[in-house]
Amino acid sequence: MSNKMSKPTIYDDSYAPLLSPWRVKAKITAIFLVIIIFLMFSSWRTGVDLNELIWGFTNMTQITDKLFPINMAILGPAMNTLFETIHMAIIASTFSTLIVIPVSLLAANNITTNWFVYNTTRLIMNVLRTIPDVVLAVIFVGLFGIGVFGGIVALFIFSLGILAKLISETVESADMQPVEAMRASGANTIQAIAYGVVPQVLPQFTSFSLYVFEINIRASVVIGLVGAGGIGSLLMDQFSFNNYGAVMTIIFVIFAVVIVIEYISGKIREAII
Amino acid sequence: MSQPLPPKKPRSTKQIVRNFAICIAIIALYVWTFASINIDFGRVIERLSSNFDRVIPQLFSPNWDRAPEVIEMMIETIFIAYVGSLAAAIIAVPLGFLAAFNMTNSRFLATFGKWILSGVRAFPEIILAILFVVAVGPTPFAGILAIAIGSTGMLGKLYAEVLESIDMNVVEAMQANGANKIQIMFHGIIPQVIPEFLSYAIYRFEIDVRASTILGYVGAGGIGTMIFFAQSGRNWSDMGMILLVIIIVVTVIDYASTYIRKRIV
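Per chain, the residues get numbers from 1 upward, laid out in the order the sequence is written. In the order they appear in the text, chains get letters beginning with A and ligands get numbers beginning with 1. Predicted model: local features are reported for residues with pLDDT of at least 70 only, side-chain atom pairs are reported and counted for 80 or more only, and whole-chain, interface and lining totals are derived from all residues.

Draft legend 1. Representation of the overall build of chain B within the structure. Every helix listed is a DSSP run of H or I at least four residues long, and every strand listed is a run of E at least two residues long, numbered separately from the N terminus. Scanning chain B from terminus to terminus reveals 11 helices and 0 strands. Counting from the amino terminus, helix and strand elements in chain B follow one another as α-α-α-α-α-α-α-α-α-α-α. For 265 residues, the compact-globule estimate of 2.2 N^0.38 gives 18 Å, and the C-alpha radius of gyration of chain B, at 26 Å, exceeds that figure by more than 25%. Taken along the three principal axes of its C-alpha coordinates, chain B extends 75 × 65 × 45 Å. For the exposure call, what matters is how many other C-beta atoms sit within 10 Å of a residue's own: 20 or more marks it buried, 12 or fewer exposed, and in between partly exposed, using C-beta atoms placed from the backbone. Looking at chain B as a whole, 42% of its 265 residues qualify as buried. We call two residues in contact when the distance between their C-beta atoms, placed using the backbone, is within 7 Å. Considering only contacts in chain B between residues 6 or more positions apart, those separated by 24 or more positions represent 74%. The globule rule is 2.2 Å times the number of residues to the power 0.38, and the radius of gyration it is compared with is taken over C-alpha atoms.

Printed below as a string of structure tokens:
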């Protein structure tokens, strides 16, 4: 960023601090002190104990005794539920990428000129994005009962919020001149969007969809913990039975699948953009 | 409408075969997905009709009596996120330098650093929280460790990208003038990266607040503990209160962080 700085003038506000270095120093010291004080207070409140951590690491054998040897008997059920998790992610990502098309158009201020519609859509999407995925899962599992359906709905809502933000921003940054030219030569709104906006945003749209699929794989593991099916449910069961060997096996499986899917999706995204 | 369209670009056979193969693969993926997922729609609808009247009205009438307790737990959550992301912001600096090719000048070290960082990023925070609850017991401290380790992966990657995009002319000029490594570090590199490092650290704090709201679900402290009890007690008006507090706090922190980041960069 520093190379982009314009030449400062003496009246420029950003130049003023250089004239009085003590002010900058005092400001930085003050910020630093606030950070440290807040850190000490938070550490005290949350009971951070570095002794405990160091003791924990020196007693690593105790932890590894709990987590190892890993229990390979759980591998079969783990693979089955893993596929369930992947299916959940695929279905949720598919539906959210379909639904996000109209939503992102409504939430882009160069397409939706109606102030009220634009702001309402954005507000709803912003609120949706603040709700953690697990909380969504808790609510939908409560509504639909334990099982994959609640999980899929939760993932759908969760990824809709993320996608709507990313894609409406892409639509907003699209070049509007082709659209204007089309409108001028008599295209209707749908035609102008289909031939003027869609070709411009399609690569990003595909890339973001894959990105959301990646996020959904990870999120579907997590929401399984609250009873939304998939490998997360298996993990939570084994965790509550203190069956740590099995927990470690499942964590290894999750780790492997997340790495593999991220790698594949990364390669595809590189090829698209 | 009678004007002829411009001729279409000719496609090579290879391209056609490739597109066909991709289509087949995608269709196969969907067939596999929809064939093997088993959703009992009868039960879903039955559940929905019996639960809807109970869950939804209660969710939208938060239990205000629990507000002080919920707010106190939310403050603990923010503390967990704060300590965790501050620790991560510091741990990620050496890892970022390791993973930045122009800092180490070694393909091997840079790739090694990137592998460590993506390995760390593959763990969802709550899985790390489970590991740390096993290791240090069910305390907020386990949550802090989970947030610290979980954020290191992303922050390290972003730091490495910032470092790779700095102006190396400054570093070269300093080297030519006989500056040693430490001088180059403090006068050539750090001034260039500090604003972006800070901005990313604050951005990560924003994500961590969201992530740490759920850590309590596995016993790692914060408001997640209350989510767990509200769920197991089917206490939906408590859940509504928790949700309301989470939405407000996360929104406020988002706005504050966006404001601060705009000022820094």
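Draft legend 2. Highlighting the UniProt feature "domain: ABC transmembrane type-1" (unreviewed entry) in chain A. In the numbering adopted here, UniProt assigns the feature "domain: ABC transmembrane type-1" (unreviewed entry) to residues 82-265 of chain A. In this annotation, residues 82-265 of chain A is assigned 84% helix and 0% strand; the end-to-end C-alpha distance for the span is 18 Å. UniProt positions are given in the numbering used here, feature names are shortened, and annotations may be inferred rather than shown by experiment.

Draft legend 3. Representation of the UniProt feature "domain: ABC transmembrane type-1" (unreviewed entry) in chain B within the structure. Here the UniProt-annotated "domain: ABC transmembrane type-1" (unreviewed entry) positions come out as residues 74-257 of chain B. Structurally, residues 74-257 of chain B is divided into 84% helix and 0% strand, and its ends, taken at the C-alpha atoms, are 18 Å apart.

Draft legend 4. Here's a closer look at the environment of A:V148. On the secondary structure map, A:V148 appears in helix 8 (residues 148-172). The exposure class assigned to A:V148 is buried, which follows from the 25 C-beta atoms found within 10 Å. Linking A:V148 and A:G224, residues 76 residues apart in sequence, is a C-alpha distance of 8.6 Å. Residues in contact with A:V148, not counting those within four places in the same chain, are A:E84, A:M88, A:A228, A:G229, A:G230, B:I37 and B:I39.

Draft legend 5. Structural view of the interface of chain B and chain A. Tallying the contact residues gives 51 residues for chain B and 49 residues for chain A. Listed by contribution, the elements that provide at least two residues to the side of chain B that touches chain A are helix 1 (13-36), helix 2 (41-59), helix 3 (67-99), helix 6 (125-136), helix 7 (140-164), helix 9 (181-212), helix 10 (224-232) and helix 11 (236-264) of chain B. Broken down by element, the side of chain B that touches chain A gets its largest block of residues, 8 residues, from helix 2 of chain B.

Draft legend 6. View of the UniProt feature "transmembrane region" (unreviewed entry) in chain A. Residues and elements named next belong to chain A. UniProt marks residues 28-47, 95-117, 137-163, 215-235 and 241-264 with the feature "transmembrane region" (unreviewed entry), using the numbering shown here. Annotated as residues 137-163, this span is 89% helix and 0% strand, and its ends, taken at the C-alpha atoms, are 18 Å apart. End-to-end, the C-alpha atoms of residues 241-264 are 35 Å apart, and along that stretch the chain is 88% helix and 0% strand.

Draft legend 7. Representation of the UniProt feature "transmembrane region" (unreviewed entry) in chain B within the structure. UniProt annotation of "transmembrane region" (unreviewed entry) refers to residues 20-39, 79-101, 122-149, 214-233 and 239-260 of chain B when read in the numbering used here. End C-alpha atoms of residues 79-101 of chain B are separated by 35 Å, and the span's content is 96% helix alongside 0% strand.

Draft legend 8. Focus on helix 9 of chain B. For a helix, the expected span equals 1.5 Å multiplied by the number of residues minus one. Under the 1.5 Å per step criterion, the end-to-end length of helix 9 of chain B is only 39 Å for 32 residues, more than 12% shorter than the ideal 46 Å. To get the bend at any residue, fit one axis to the seven residues that end at it and another to the seven that begin at it, then take the angle between the two axes. Most pronounced at B:I190, the bend in helix 9 of chain B amounts to some 55°, and the proline B:P191 follows within four residues.

Draft legend 9. Expanded view of the packing of helix 7 (residues 133-144) of chain A against helix 2 of chain B. Every angle, taken between N-to-C directions, lies between 0 and 180 degrees, and every axis is a line fitted to C-alpha atoms, over only the stretch in contact when it is a helix. Contact geometry of helix 7 of chain A with helix 2 of chain B gives a least axis separation of 6 Å together with a crossing angle of 125°. Put simply, helix 7 of chain A runs oblique to helix 2 of chain B. Residues A:I139, A:G142, A:L143 and A:F144 of helix 7 of chain A pack against B:V44, B:R47, B:L48, B:N51, B:F52, B:V55 and B:L59 of helix 2 of chain B. In this scheme, roughly parallel covers angles under 35 degrees and roughly antiparallel covers those over 145, while 65 to 115 is roughly perpendicular and the rest are oblique.

Draft legend 10. Representation of unusual backbone geometry. Residue and element names in this part refer to chain B. Even without being a glycine, R234 presents a positive backbone phi close to 50°. Tracing the backbone through its elements, the reader meets R234 in the loop between helix 10 and helix 11. Assessed through the 13 C-beta atoms surrounding it within 10 Å, R234 is described here as partly exposed.

Draft legend 11. Looking closely at the environment of B:D53. Considering the arrangement of structural elements, one finds B:D53 in helix 2. For B:D53 and B:I214, which are 161 residues apart along the polypeptide, the C-alpha to C-alpha distance reads 26 Å.

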